[in-house]
Amino acid sequence: FDEIGAGTLECFTKGIPTMIYWNKIWSKEAMHAKLEIKQLKDCRILFYDIEELTSELKNFFLNPYNWMNDEKRKKGLFNFTKKYAFSHKNWVQIWKKKLKDF
């Protein structure tokens, strides 16, 4: 991906291997998201440098399972999705109840 958007979040929540090369042409991070953005960079999901991204892609293709199950990476993804892409497993029932309450 070239930024963090809906497609990126869908991949994060579904456990689909994802990397982002973000040169911030079209968007930039919100001030309140700086910590979680830094975590994505630290766990090598988010890149500002194309050579670093290329290097990490090589690591991924050597062993995708290990890449996805790296503890630091899993923690970074968990923290980001918990804050910005959380969905309850019973979301359908929750929405139905909310809509009925109107």
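Above this text sits the structure in question.
Residues numbered from 1 in each chain as written. Predicted model: local features only at pLDDT ≥ 70, side-chain atom pairs only at ≥ 80, totals over all residues. Heavy atoms only, no water.

## Description of the overall build of the protein chain
Within the protein chain, the regular secondary structure consists of 6 helices and 2 strands. For the protein chain, the N- to C-terminal ordering of α and β elements is α-β-α-β-α-α-α-α. Dimensions of the protein chain along its principal axes, counting C-alpha atoms only, are 50 × 30 × 20 Å. A fraction of 58% describes how many contacts in the protein chain between residues 6 or more apart in sequence connect residues 24 or more apart. (Helix = DSSP H or I, 4+ residues; strand = E, 2+ residues; numbered from the N terminus. Contact = heavy atoms within 4.5 Å.)

## Digging into the side chain of glutamate 36
Following the sequence through the fold, glutamate 36 ends up in helix H2 (residues 34-42). A distance of 3.4 Å separates the side chain of glutamate 36 from the side chain of lysine 83, its partner in a polar contact. Leave out the neighbours within four places in its chain, and glutamate 36 touches Asn79, Phe80, Lys83 and Tyr84. (Polar contact = N/O pair within 3.5 Å; in protein donor to acceptor, adjacent residues only side chain to side chain.)

## Considering the pattern of salt bridges
Following the criterion strictly, the structure yields 8 salt bridges and no others. With its nearest N and O atoms 3.1 Å apart, the salt bridge here joins lysine 34 to glutamate 29. On the basis of relative accessibility, which here comes to 17%, the residue glutamate 29 falls in the buried class. Among the ionic contacts, a cluster of salt bridges with common partners joins Lys24, Glu29 and Lys34. (Salt bridge = Lys/Arg side-chain N within 4 Å of Asp/Glu carboxyl O. Buried < 20%, exposed > 50% of the residue type's maximum accessible area, 1.4 Å probe, protein only.)

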